[in-house]
Amino acid sequence: MTQPSIPLALAISALVTMGAPAMAETKAPVARQAAEKVNPARVTPNAAAGQLKPRADLLTVKPLKVQPFTFVVNFPIVPADMTGWSARTVGATKGGGTLVQGEGRALLIARGADDYLYVTPIDPAGQGQVASSAWAALSDKSASEPACVDYRSTWQGKTHNNIVCAFLGTAGNARYRFLGDDGTKVGSSFEMDMGGKNAGAAPTLLRKPKINDGGFGSSHEYEFGVWDGQSGLFTRTVGWFIAPGAGNAIGLTDWKKLQTPFTSAPGCADSICVTHDGARARIVELKGDGSEPVEKATSPNLAGGLTGKPAVVALPNNTYAVVVRGLGGAVYQIFYNSKTNAFSTAWKSEGGFIAKGATPSCIAVNVQPVCIIQGNDGRLYSKGLASSGGL
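Residues numbered from 1 in each chain as written. Predicted model: local features only at pLDDT ≥ 70, side-chain atom pairs only at ≥ 80, totals over all residues. Heavy atoms only, no water.

Asks: So what about the sheet that holds strand β20 (residues 267-269)? Which residues, and what values?
Replies: Ordered in space as β20-β21-β22-β23, the four strands form an open sheet in which the pairing is antiparallel. Looking along the sheet, the strands with just one partner apiece sit at the ends: β20 and β23 (294-298). The average undirected angle you get between the axes of adjacent strands in this sheet is 25°. (Pairing = 2+ DSSP bridges. Helix = DSSP H or I, 4+ residues; strand = E, 2+ residues; numbered from the N terminus. Axes fitted to C-alpha atoms, helices over the stretch in contact; angles between N-to-C directions.)

This is the structure:
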């Protein structure tokens, strides 16, 4: 991989600083009245507040604001058994953290006690707590834990390490921020308010970003999904284009409700998404062409049931690790093969305890899923899980 001189986020910031016009949103109107009538009692997402905002800043280095140790669930009222899991924060965060791969390092992004989002480098498979002073703050307040995804792009002969983080704003609206990492610093270039309110979960990136990096400029397109807290998933495609002296949002659609039911918030990797019915995980694939998702497989029942938003991570050889919270709080894992469209293993307990309402987050370290969870004392914990080969 070619080491970039600066993150793409910083390159964009420089272009904005040189006088690029404010990024204007364009969108293809999509009628949503029919979708809203499906559940008139619930306010559905809308795009009225959609606005792309250019940024030109590095992140502010300041200590992560944490809460004192506290049990964030009613039961159990004593510390859970976290054998095999390593505490990574010195205090309680708000909700789970999210792991992404930067340039030659992993990054952890979490919501602090002051509701701001923070980022820090981390060895996800290591041990020991990250010092509060090692974190840098984004200029965003969030009403949810963040859901972040990393991806690579090439522009003007350089490989860039990109991160897109989605979260709920303080008004319950869906938002995302674009970041870049060059291995020494994280750059922040812009954010977008995608509108909506009263969502059932934070937005999720549903498939790989579509990237068109030419010699003149670069365009990136994202498809986000927001669960309504019942059985509906609303999707919206947003994107941006940047070139010397110009910057515009492109390829935008309005929020659209899928006909395919989603009985939980989905976790996604590439175009493979996982939802569940409280007993079994369900694999659906998104084509990215506006069509309905295609159901691929259903897992065996998890004894005792499962709850919350699943995590899914892509591994070599068409394998995906699915990580969930059991109804009792413990972490469970199962593997899916996208070539055979079948689950290749049974459910396996990885121990630990995920706080109620928190989402696990995982990345691949070679063939091993490495995950971070929020324990019932509010701190974040990490562990390397068993690989698909059982190691």
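Asks: So what about the sheet that holds strand β29 (residues 361-365)? Which residues, and what values?
Replies: Overall, antiparallel pairing links the four strands, which are arranged β4-β31-β30-β29 in an open sheet. Sheet topology places β4 (86-87) and β29 at the edges, where each strand pairs with a single neighbour. Inspection of the sheet shows strand β30 (residues 368-374) paired to strand β31 (residues 380-384) by five bridges, in the antiparallel sense. Considered in β31, the bridge of C371 is made with K383.

Asks: If you had to explain the pairing of strand β10 (residues 158-168) to someone new, which residues and values would you point to?
Replies: Burial analysis of β10 places 10 of its 11 residues in the buried class, the great majority of the element. Taken together, strand β9 (residues 147-155) and the strand that follows it, β10, pair antiparallel across an intervening segment of two residues, in which Q156 is found at a positive phi of about 55°. Bridge count between β10 and strand β11 (residues 174-181): eight bridges; the pairing is antiparallel. When the sheet's bridge partners are listed, F167 is paired in β11 with R175. Counted along the chain from β10 to the antiparallel partner β11, the turn is five residues long, and its residue G172 has a positive phi close to 80°. (Buried < 20%, exposed > 50% of the residue type's maximum accessible area, 1.4 Å probe, protein only.)

Asks: Pulling in residues and values, what's your account of the pairing of β31?
Replies: Most of β31 is tucked away: four of the five residues are buried. Summarising the sheet, β4 and β31 pair through two bridges and their orientation is antiparallel. Residue S86 lies in a different strand from β31, and its bridge partner there is S382. Hairpin connection between β30 and β31: a loop of five residues separates the two successive antiparallel strands, and G378 in this loop has a positive phi of roughly 90°.

Asks: Which residues make up the state of the cysteines, and what values go with them?
Replies: Per the stated rule, a full pass over the model turns up three disulfides. A sulfur-sulfur distance of 2.1 Å marks the disulfide that ties C148 to C165. What sets the handedness of the C148 and C165 disulfide is the S-S torsion sign, and at about 110° it is right-handed. Of this pair, C148 sits in strand β9 while C165 sits in strand β10, and the two are 17 residues apart along the sequence. Its relative accessible area of 1% is what places C165 among the buried residues. Sulfur-sulfur distance for the disulfide between C362 and C371 comes to 2.1 Å. Of note, the bridge from C362 to C371 carries an S-S torsion of about 100° and is right-handed in sense. (Disulfide = S-S within 2.5 Å.)

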